Amino acid sequence: MVDSPRNRIGPPVPSAAGSVHAVAPDVAVTFLRQTMPFKDLADDQLYDLARHCRIDFFPKGTRLFTFNESEVTHLYLIQRGGVRAFITDEKGQTVLKDYRGVGANVGALGIIRGTKANLNIETVEDTFCYLIPREVFLDLVQNNSVVAHYFLKSFSDNIVATAYSELRKNKLARRSADDLYLFNATAGDMTKPLFSVSASASIREAAAIMSRQAIGSLLVYADEDPGAMIGIITDTDLRSKVIAEGRDTREAVTAIMSSPLKTVGSQTLCFDVLLKMMTTGIHHLGVERGSRVIGVITSHDIMVQQGNSPYYLFKEIGGQKDFQGLYTLAEKVSGIVRNIINEGAKAGNISRMIGLINEKMLSRILDLLHQEMGPAPLRYCWLLLGSEGRREQTFKTDQDNALVYEDPKDDSQRLLAESYFNAFARQATKHLLHCGYPACEDETMASNPKWCQPLTAWKEKFSYWINGAGQEEQLKAAIFFDFRHGYGTEQLAVDLRDFIIKQCRFNDQIARNFGRDCINRKVPLSFFKNVIIEQNGEHHERLDIKNRGLKPFVDFARALSLKHGIRKTDTLRRMKRLLVKKVVAKELYESMVDAFELQMQLRVIHQLSQIEDGIPPDDFIYPEELTDLEKRMLKDAFSVIEKMQDVLKKQFPVV
Amino acid sequence: MIRLLRKIGWIKQPHDVISRNRAFFKNFDKSRPLADYSFVVFDTELTGLKSKKDEIIAIGGVRIRNLQIDLGDTFHCYVRPGKLDHTKATLVHKITPEQLKMVPPLEEVLPRFLSFVGTDLLVGHFIGLDMGFVNSATRKLYNGTLANSCLDTLRMAQIYKRVILGRYHENSTSAKDSYNLQSLSIEFNLPFFDAHDALEDALQTAYLFLFLAKKMQKYGVVSLSDLFSAGRGINWATL
């Protein structure tokens, strides 16, 4: 074979008709442009990438990779057809891991980690792939933040932030971009004035300038050209490279500077500046206008611009003198959700914030009620159950609450308490209803006398659930185990929790039941051609994100918390305790947190956009509504459920 | 007549390019697996179908190595025809005569194309037509024709469908249309695009070639000679 070096045809002949082009065909570029994450590359980058691609064909049933054997020399981008990913477990059973179709890729993880294939990959249809050589791909990952974000993303990575911002951009930004500083203000707007020092200055001289000007960073310019910034020193450098190392402050400042200076253009949106900071981990960036550095921007500068409207609402609720005023304020809550999503809050922050506002609302309602009805005859505690108990409420969902009061000393006190608290709870739930918290269908509310009881009666109920109830009954009682104090005497809730922990220590039957229930749940696996595929191959047109996506996380955390005597009720805090108690490993913990928050986020945004379209919010997400990135993130989230099930299997072995 | 031409050709020594090409292919080893060979899949745009009267106005080619299309190793050139009065060309190929005037003539493009091809095997859809035009050009310019082994994806598709899939009943006249590049691409579910120049046509053909070569591998067509003999039942009239 003759040796044919690339591009031997040479540069294009300059002519009107473009007579020669030794470049990849336009159709190749078109394909890449349609494919995540390459669609964001500039045209010349796309042409360059296309030139390095090869196209291969794999008939149906071809094995592309073998787990732990195949060296990954190329990234495979699927142009036509599809593949399935699977592993073979120790028993020789094939475990399906994924289906990937047009536009998806194979091999990225192996290349980035420099490992062999982490899955078996086989074509399920006649499949054409673009092959991007390993080096070319790595080069892209290293030099292009969008590509890097997409591929470097593991759930413990900053990329999740990008994903969240994508969610915001796609679903919500249209209407609200005007009041969003992240998308409006540019780096130039936030730039701090420039202070710089010569490269030949000593560390002490530099520190003196920083101290005199009260600045946290200082640019260093080249002696021969005061306009050329060659590096930067920050407070951190002074601390870690000078003081901690006992360095002589007469040394040149260049010894401790970070060089070269990383910069952004002055027209860069603050949003993109933040992204750059997150991906590089560098929090001081030079701001360039033309080729001149005009100042510095820090992550702190951007962060301090956050709005404070939830706080304002919070204070207003506390000041209301009548119920009507509270009803009006309650309508503002979903607006708050939108605002804080736009400001970049994660679902976890949102629900904590909403939880605070709801509690404030509740306490104001009960305060006003006491003004009407007089003080309670006994100490009591208003309990929040279910998602409110777990602080996972976003939009107003059904009321799940209960009331526990001190044990009456005698019959007359008992009667008095019964009549007072029943009336009190009925009034309270009515006002909550007017504030937009709908009544619970099966009346799991304090207004139901069954759930408005003295402490001893509650202990009996829990004792029954823990020790006497059948499986079905136990599962139905799950939301009670997520109770927390909402208003009143917290000690009552603490006593009840102590009691439950003690009971469960002697009998872990209910924890086991919750755990086994979670293990037996079917897990969504992947998206393929706009359907959701489950492990057993079943297909669904839509995803029930509450029951299929989030519930396993909630159940997992509840089951193990009961087993390990954890008092917390928030799923995220329960997970944290499980980490501290070494029930789950750090890696799993981090991916659980991210997977859970991500799905919460997706759900919040889904519901918020429904509310804004005048549709009652639900939990059904259709794959065609999702972007490639969202699908990919969800898929990752699903894969975490499997790992959690493995933990549960070890914690609750079949006896 | 043919003998006479040959004689003249023998008297006029063929150009070095042709002699070297012929020497290379004289004892060409066809027994190796297909993946061992390099192929150039090419397509020409013509002013018409008559090799005596009509001319090449564009050549596009992509290289296949290790049975993979190399998008970084492509060829695409427009050619200034000798006669510029082919008004048809402006309609068919969306190239104006004005634009064609700016591009190099075949005498300049052909050497470049031949050096791109080198000793790779040539692949085309209904390749006989394209080779006819290319060889008439090499005859003029180099006093001889190319000896590169040629593969016709149309023939391969016929073999695949009739011999391998067992669809003997489809005779070539009634199913004639179903053998054009577009219909085959759709039938085999290949990545399909509206090719708008010779390069993209060549790429479309390359997809077809890859598909057929790898599909036929599964049925025991492994080496180059397997591929040639697989077509023996059908009349291989490539050149």
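Computed from a predicted model, the values in this text were never measured in an experiment.

**Some points on the overall build of chain A**
Here is step 1 of the chain: Assigned secondary structure in chain A consists of 26 helices and 23 strands.
Here is step 2 of the chain: Across the 655 residues of chain A, 43% fall into the buried class.

**Thoughts on the overall build of chain B**
Here is step 1 of the chain: Along the backbone of chain B there are ten helices and five strands.
Here is step 2 of the chain: Looking at chain B as a whole, 41% of its 239 residues are labelled buried.
Here is step 3 of the chain: Put simply, 69% of the contacts in chain B that link residues at least 6 apart link residues at least 24 apart.

**Some details on the pairing of strand β13 (residues 284-289) of chain A**
In the case of a regular strand, side chains alternate between the two sheet surfaces.
All names here are of chain A.
Here is step 1 of the chain: In terms of burial, β13 is largely enclosed, as five of its six residues are buried.
Here is step 2 of the chain: Inspection of the sheet shows strand β12 (residues 263-265) paired to β13 by three bridges, in the parallel sense. When the bridges of β13 are listed, V264 appears paired with V287.
Here is step 3 of the chain: Where β13 lies against strand β14 (residues 292-298), six bridges are found, and the strand directions are antiparallel. Of the residues in β14, the one forming a bridge with L285 is I297.
Here is step 4 of the chain: Remark: two residues form the turn of the hairpin made by β13 and β14, two consecutive strands paired antiparallel; G290 in that turn has positive phi of roughly 65°.

**As for the sheet that holds β14(A)**
Residues and elements named next belong to chain A.
Here is step 1 of the chain: Reading across the sheet, the three strands line up as β12-β13-β14 and stay open at both edges, with mixed pairing between neighbours. What marks the edges here is a single partner per strand, and that holds for β12 and β14. Neighbour-to-neighbour, the strand axes of the sheet open up by a mean angle of 35°, direction not taken into account.

**Quick look at helix α18 (residues 411-434) of chain A**
Here is step 1 of the chain: If you check α18(A), its first and last C-alpha atoms are 35 Å apart, about what 24 residues at 1.5 Å a residue would give, namely 34 Å.
Here is step 2 of the chain: Regarding α18(A), the residues found buried are A417(A), F421(A), F424(A), A425(A), A428(A), T429(A), H431(A) and L432(A).

**Re the sheet that holds strand β19 (residues 524-528) of chain A**
All names here are of chain A.
Here is step 1 of the chain: With antiparallel pairing, the three strands of this open sheet are ordered in space as β19-β20-β21. Two strands lie at the open edges of the sheet, namely β19 and β21 (539-540), each paired on one side alone.
Here is step 2 of the chain: Direction of pairing for strand β20 (residues 531-534) relative to β21: antiparallel, over a ladder of two bridges. Across the sheet, I532 pairs through a bridge with H540, a residue of β21.

**Quick notes on the packing of helix α1 (residues 26-33) of chain A against helix α2 (residues 43-51) of chain A**
Residue and element names in this part refer to chain A.
Here is step 1 of the chain: Between α1 and α2, whose axes approach to 9 Å, the crossing angle comes to 110°. Relative to α2, α1 is oriented roughly perpendicular. Listed contacts from α2 to A28, V29, L32 and R33 of α1 are L46, Y47, L49 and A50.
Here is step 2 of the chain: Here the residues of the contact of α1 with α2 are counted per class, giving seven nonpolar, no polar and one charged.

**Some remarks on the nonpolar core**
Here is step 1 of the chain: Membership of the largest hydrophobic core comes to 100 residues, with the highest contact counts inside it found for V41(B), I59(B), V79(B) and A206(B).
Here is step 2 of the chain: No other element matches helix α9 (residues 198-217) of chain B, which puts 13 residues into this core.

**Some remarks on the confidence of the model for chain A**
Here is step 1 of the chain: In the predicted model, chain A carries a mean pLDDT of 82, and the fraction of residues at 70 or more is 85%.
Here is step 2 of the chain: Low pLDDT, under 50, characterises residues 1-21 of chain A; the stretch is placed with 40 contacts to residues that sit more than four places away or in other chains.

**Concerning the environment of V647(A)**
Here is step 1 of the chain: Locating V647(A) in the fold gives a position in helix α26 (residues 628-651).
Here is step 2 of the chain: Overall, the presence of 19 C-beta atoms within 10 Å leaves V647(A) in the partly exposed class.

**Structural notes on the pairing of β19(A)**
All names here are of chain A.
Here is step 1 of the chain: Counting buried residues in β19 gives four out of five residues, a clear majority hidden from the surface.
Here is step 2 of the chain: Across four bridges, the pairing between β19 and β20 is antiparallel. By the bridge assignment, S526 is partnered in β20 with I533.

**Focus on unusual backbone geometry**
Here is step 1 of the chain: Looking along the chain, the bond that leaves S259(A) and enters P260(A) is cis, with omega of -5°.
Here is step 2 of the chain: Checked against the element boundaries, P260(A) lands in the loop between α10 (235-243) and β12.
Here is step 3 of the chain: Residue N66(B) is not a glycine yet carries a positive backbone phi of 55°.
Here is step 4 of the chain: In this structure, N66(B) sits in the loop between β2 (56-65) and β3 (68-78).
Here is step 5 of the chain: The phi dihedral of L67(B) falls on the positive side, at around 55°, and the residue is not glycine.
Here is step 6 of the chain: Relative to the elements of secondary structure, L67(B) occurs in the loop between β2 and β3.
Here is step 7 of the chain: Residue classification places L67(B) among the partly exposed residues on the basis of 19 C-beta atoms within 10 Å.

**Let's talk about the environment of L433(A)**
All names here are of chain A.
Here is step 1 of the chain: By secondary structure assignment, the location of L433 is in helix α18.
Here is step 2 of the chain: On the neighbour-count criterion, L433 (15 C-beta atoms within 10 Å) is partly exposed.
Here is step 3 of the chain: Put simply, L433 and D398 are 35 residues apart on the chain and 9.2 Å apart in space, counted from C-alpha to C-alpha.
Here is step 4 of the chain: Leaving out residues up to four positions away in the same chain, L433 has contacts with P438 and A439.

**Some thoughts on the confidence of the model for chain B**
All names here are of chain B.
Here is step 1 of the chain: Averaged over all residues, the pLDDT of chain B equals 83, while 81% of them reach at least 70.
Here is step 2 of the chain: Per-element mean pLDDT across chain B ranges from 50 in helix α3 (residues 87-92) up to 96 in strand β4 (residues 121-124).
Here is step 3 of the chain: Here residues 235-239 is a poorly scored stretch, pLDDT under 50, and it has ten contacts once near neighbours within four places are set aside; other chains count.
Here is step 4 of the chain: The ipTM for the predicted assembly is 0.87, set against a pTM of 0.53.

**Digging into the packing of helix α22 (residues 509-519) of chain A against α26(A)**
Residue and element names in this part refer to chain A.
Here is step 1 of the chain: Two numbers describe how α22 lies on α26: the axes approach to 9 Å, and their chain directions differ by 140°. As summarised for this structure, α22 and α26 are arranged oblique, according to the angle between their axes. Remark: the crossing between α22 and α26 carries left-handed chirality. Where α22 approaches α26, its residues G515, C518 and I519 are matched on the opposing element by Q645, L648, K649 and Q651.
Here is step 2 of the chain: The residue inventory of the contact of α22 with α26, partitioned by class, reads three nonpolar, three polar and one charged.

**Remarks on the environment of E359(A)**
Here is step 1 of the chain: Note that E359(A) resides in helix α16 (residues 347-373).
Here is step 2 of the chain: Placed 127 residues apart in sequence, E359(A) and G486(A) show a C-alpha to C-alpha distance of 6.4 Å.

The rules we used
Residues numbered from 1 in each chain as written. Chains lettered and ligands numbered in written order. Predicted model: local features only at pLDDT ≥ 70, side-chain atom pairs only at ≥ 80, totals over all residues. Helix = DSSP H or I, 4+ residues; strand = E, 2+ residues; numbered from the N terminus. Buried ≥ 20, exposed ≤ 12 C-beta atoms within 10 Å, placed from the backbone. Contact = placed C-beta atoms within 7 Å. Pairing = 2+ DSSP bridges. Axes fitted to C-alpha atoms, helices over the stretch in contact; angles between N-to-C directions. Expected span 1.5 Å × (residues − 1). Parallel < 35°, antiparallel > 145°, perpendicular 65-115°, else oblique. Nonpolar A, V, L, I, M, F, W, Y, C, P; charged D, E, K, R; others polar. Core = buried A, V, L, I, M, F, W, Y, C linked by C-beta atoms within 7 Å. pLDDT = per-residue confidence, 0-100. Left-handed = near helix turned anticlockwise from the far one by under 90°.

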